[in-house]
Amino acid sequence: MIVMGIESTAHTLSIGISRNDAILSNVIDMYRGGTEGLIPRKMADHHALVFADVFSKSLESAGIAMDDVDLIAFSQGPGIGSPLSVGVSGAKYLALKHNKKLMGVNHPYAHVKIGEHACSMKNQLVLYLSGGNSQLLVEQEGHYHVLGETLDIGIGNLFDNFARSLRLKDAHGSELAKLAEGGKYVELPYSVKGMNLVFSGLLTAAEKQIGKHSGKDLAYSLMETSFAMTCEVTERALFLTKKKNLLVCGGVAQNRRLQEMLKIMCEEDGVRFGVAPDEYNRDNGAMIAYAGYLLFKKYGPMPVEKCIPIPNYRVDRIKDVLG
Ligand code: MG
């Protein structure tokens, strides 16, 4: 089965193609908002502008024609309404024009499944960290449950926001991570509630220190504190669930310092640590294609009237949407 996967939940428009569980292509075009950050309407304009180009490059790179595609999968949420709508509309247009079946995919589910696939991991605790989300997940009888999560903003949003407060040229977590290298620790508030996380107080406190300490030291301290909080809740969830595998996924999973901290923790606890290559932790269409294939096998095609964006689509609602 050949699946085309379309990703457009936030800054990235990507189209990937899979054949069964093999990835054939993964073309990614990310919108960079510069100092102003990510404005929803501008992300949507970007996606509409590059859609045709990403689409033809993805087919070309996979070495297939549109006729070969059996299913069009698209990211259905969670995401930001305007950019999300571009991908959903594009998927429906292509499906109606070329007479293909459709499948809406929960974005975190796709990050988890491609991570499992890349790391050959099963029966794991999942730590999902992205711009909008920070969650601890476990699978039970084929459905995901949220054990703990952020009670306010996602950890990636914390970094992007602080990068903007520091007026970095590119207000993105990856730029903040570069700045943080070699910084010194400044004390910042640490806020963990059981297996849940709270980041907005940390953001405010760090912002108040701008001018009193260097941007480098504050970037370093903000990242160290939030990663330490993340490790604490993850370790608590590992002990509670007695899982012997930990998979970290989502955009922030690309951060090497976080990977190092989690690896040390897992070694101490006798837990296997897994993280997919960066290509699958950033937003990408290949994971939507692969997850679309898995969901299609389980639930069959999605009727076109159900193919609408769900901006607040939680991973623990998949069976309600598809069942
Ligand atoms: Mg993502």
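Shown above is the structure to which this text applies.
Computed from a predicted model, the values in this text were never measured in an experiment.

Colleague: I would appreciate a short explanation of the environment of Leu-197 in the present structure.
Modeller: Note that Leu-197 resides in strand 10 (residues 196-197). Leu-197 sits 49 residues away from Gly-148 along the chain, and the two C-alpha atoms are 7.8 Å apart. If we skip the residues at most four places from it in the chain, Leu-197 touches Ser-134, Glu-149, Thr-150, Leu-151, Asp-152, Ser-191, Val-192, Met-229, Thr-230 and Val-233.

Colleague: Is there a simple way to think about the nonpolar core in this case?
Modeller: Note on soluble globular proteins: their nonpolar side chains tend to be buried together. Core analysis: the biggest nonpolar cluster contains 57 residues, and Met-4, Ile-6 and Ile-72 have the highest contact counts within it. No other element matches the 10 residues that helix 10 (residues 285-299) contributes to this core. Looking at this core, you find at least three residues from each of domain 1 (2-110 + 280-322) and domain 2 (122-276). When near neighbours in sequence (up to four residues on either side) are disregarded, Ile-6 contacts Ser-14, Ile-15, Phe-51, Ile-72, Ala-73, Phe-74, Ser-75, Gly-87, Gly-90, Ala-91, Leu-94 and Ile-288. Judged by nonpolar contacts, the second largest core, of 44 residues, contains Phe-199, Leu-203, Phe-227 and Val-252.

Colleague: Would you mind showing me how to read the side chain of Gln-135 here?
Modeller: Summarising the element assignment, Gln-135 is placed in strand 7 (residues 134-140). When residues no more than four places from it in sequence are discounted, the contact partners of Gln-135 are Val-126, Leu-127, Tyr-128, Val-146, Gly-148, Glu-149, Arg-314 and Val-315.

Colleague: It is not clear to me how helix 8 (residues 256-269) should be interpreted in this structure. Could you clarify?
Modeller: Helical periodicity: at 3.6 residues per turn, an α-helix aligns residues three or four positions apart in one direction. The end-to-end C-alpha separation of helix 8 is 20 Å, in line with the 20 Å expected for 14 residues at 1.5 Å each. Buried within helix 8 are the following residues: Leu-258, Gln-259, Met-261, Leu-262, Met-265, Cys-266 and Asp-269. Summarising the axial view, the buried residues of helix 8 lie within an arc of 165°, below the 170-degree limit, and thus occupy one face. What points out from helix 8, more than 90 degrees from its buried face, is the exposed set Glu-267 and Glu-268. Sitting at the amino-terminal end of helix 8 is Asn-255, which places a side-chain oxygen 2.9 Å from the backbone nitrogen of Arg-257. With its phi angle positive at about 65°, Gly-270 sits one or two positions after the end of helix 8.

Thresholds, definitions, all that
Residues numbered from 1 in each chain as written. Predicted model: local features only at pLDDT ≥ 70, side-chain atom pairs only at ≥ 80, totals over all residues. Heavy atoms only, no water. Helix = DSSP H or I, 4+ residues; strand = E, 2+ residues; numbered from the N terminus. Contact = heavy atoms within 4.5 Å. Core = buried A, V, L, I, M, F, W, Y, C linked by side-chain atoms within 4.5 Å. Buried < 20%, exposed > 50% of the residue type's maximum accessible area, 1.4 Å probe, protein only. Domains from an automatic or database assignment. Expected span 1.5 Å × (residues − 1). Arc of directions from axis to C-beta. Polar contact = N/O pair within 3.5 Å; in protein donor to acceptor, adjacent residues only side chain to side chain.

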